[in-house]
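Now for the letters of each chain:
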Amino acid sequence: MEKRLKQYLALMETLLSGLEKEDASGAADGRTHGSAEKQNLEELLKEHLTQIRFFQHERLIHLIVTCLFAVLAFAAFFVLFFTMNAGMFALFTALLVLLIPYIRHYYILENGVQRMYRQYDRLRDLLRGLE
């Protein structure tokens with residue numbers, strides 16, 4: 001999922017940069033934008049919203065899983081603290097080892113979705129400029 005998110009963000013950044021340059025050069029030349037260009041931009045905006053929804057869902061699932069692993073790790077720690085059981089130590093260690101990659105993955109998803117929100121705002125501003 002991380003690779004897909006990074007690829008999509010890079011693709012949208014390339015598209016947005018091109019559209020913004022095109023918009024700036026068109027404004028400098030005094031050109032007007034056609035309805036086909038507006039329709040294409042509206043479709044791109046809808047597609048971007050769909051992708052945001054996909055990644056938001058993924059982010060929510062990973063938040064739930066990360067919180068579950070954190071609660072289980074803390075519960076295992078407290079049981080370990082009172083029992084000093086070797087099996088509980090192994091469980092706590094395993095949960096802690098798994099928790100770190102989950103936190104990292106959630107961090108990447110969260111920051112990626114935040115970047116997608118900013119890209120959405122840029123797309124919406126471009127679309128408003130065509131009206």
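Please read all numbers here as calculations on a predicted model, not as lab measurements.

Engineer: Can you explain the packing of aromatic side chains? Please cite residues and give values.
Structural biologist: Inspection of the entire model under this criterion finds five aromatic pairs. Ring geometry for F77 against F92: centres 5.5 Å apart, planes inclined by 50°, an arrangement best described as tilted. A residue pair is termed long-range when its members are at least 10 positions apart, and F77 in helix α2 (residues 35-83) and F92 in helix α3 (residues 86-130) qualify at 15 residues. Among the residues examined, F77 registers a relative accessible area of 35% and is labelled partly exposed. Assessed through its relative accessible area of 16%, F92 is described here as buried.

Engineer: An account of a nonpolar patch on the surface is needed here, citing residue identities and associated values.
Structural biologist: Taken together, the side chains of F74, F77, F78, F81 and F82 define a hydrophobic patch exposed on the protein surface, amounting to about 610 Å² of accessible area. Examined against the element boundaries, F82 turns out to sit in helix α2. Residue classification places F82 among the exposed positions, given a relative accessible area of 67%.

Engineer: Residue-level account of the environment of V113, with values.
Structural biologist: Tracing the chain through its elements places V113 in helix α3. Discounting chain neighbours no more than four positions away, the residues touching V113 are F55, Q56 and R59.

Engineer: Kindly report on the packing of α2 against α3, identifying the contributing residues and their values.
Structural biologist: For the pair α2 and α3, interaxial distance at closest approach is 7 Å and the crossing angle is 160°. The angle between α2 and α3 places the two elements in the roughly antiparallel class. Crossing of α2 over α3 shows left-handed handedness.

Engineer: Describe in detail α3, supporting the description with residues and values.
Structural biologist: Spacing of three or four residues puts side chains on the same side of an α-helix, whose turn is 3.6 residues. Its 45 residues place the ends of α3 67 Å apart at the C-alpha level, agreeing with the 66 Å of an ideal helix rising 1.5 Å per residue. Capping the start of α3, N85 holds a side-chain oxygen 2.9 Å from the backbone nitrogen of G87, two or three residues further along.

Engineer: Let's hear about the pattern of salt bridges: which residues, and what values?
Structural biologist: The final tally for this structure, using the stated rule, is six salt bridges. Taking the shortest distance from any N to any O, the salt bridge between R122 and E13 comes out at 2.7 Å. Separated by 109 residues along the polypeptide, R122 in helix α3 and E13 in helix α1 (residues 2-29) bring together distant segments of the chain. Using a relative accessible area of 27% as the deciding quantity, one classes E13 as partly exposed. Notably, a salt bridge pairs E110 with R59, separated by 3.1 Å at the nearest N-O pair. Placement of E110 in helix α3 and of R59 in helix α2 is noted, with a sequence separation of 51 residues between them. Judged by relative accessible area, E110 falls into the partly exposed class, the value being 22%. Its relative accessible area of 16% is what places R59 among the buried residues.

The rules behind each value
- Residues numbered from 1 in each chain as written.
- Predicted model: local features only at pLDDT ≥ 70, side-chain atom pairs only at ≥ 80, totals over all residues.
- Heavy atoms only, no water.
- Phe/Tyr/Trp six-rings, centres within 6.5 Å; stacked < 30°, edge-to-face > 60°.
- Helix = DSSP H or I, 4+ residues; strand = E, 2+ residues; numbered from the N terminus.
- Buried < 20%, exposed > 50% of the residue type's maximum accessible area, 1.4 Å probe, protein only.
- Patch = residues over 30% accessible without salt bridge, like charges linked within 9 Å, V, L, I, M, F, W, Y side chains within 5 Å.
- Areas by Shrake-Rupley, 256 points an atom, 1.4 Å probe, with all protein chains shown as cover.
- Salt bridge = Lys/Arg side-chain N within 4 Å of Asp/Glu carboxyl O.
- Contact = heavy atoms within 4.5 Å.
- Axes fitted to C-alpha atoms, helices over the stretch in contact; angles between N-to-C directions.
- Parallel < 35°, antiparallel > 145°, perpendicular 65-115°, else oblique.
- Left-handed = near helix turned anticlockwise from the far one by under 90°.
- Expected span 1.5 Å × (residues − 1).
- Polar contact = N/O pair within 3.5 Å; in protein donor to acceptor, adjacent residues only side chain to side chain.

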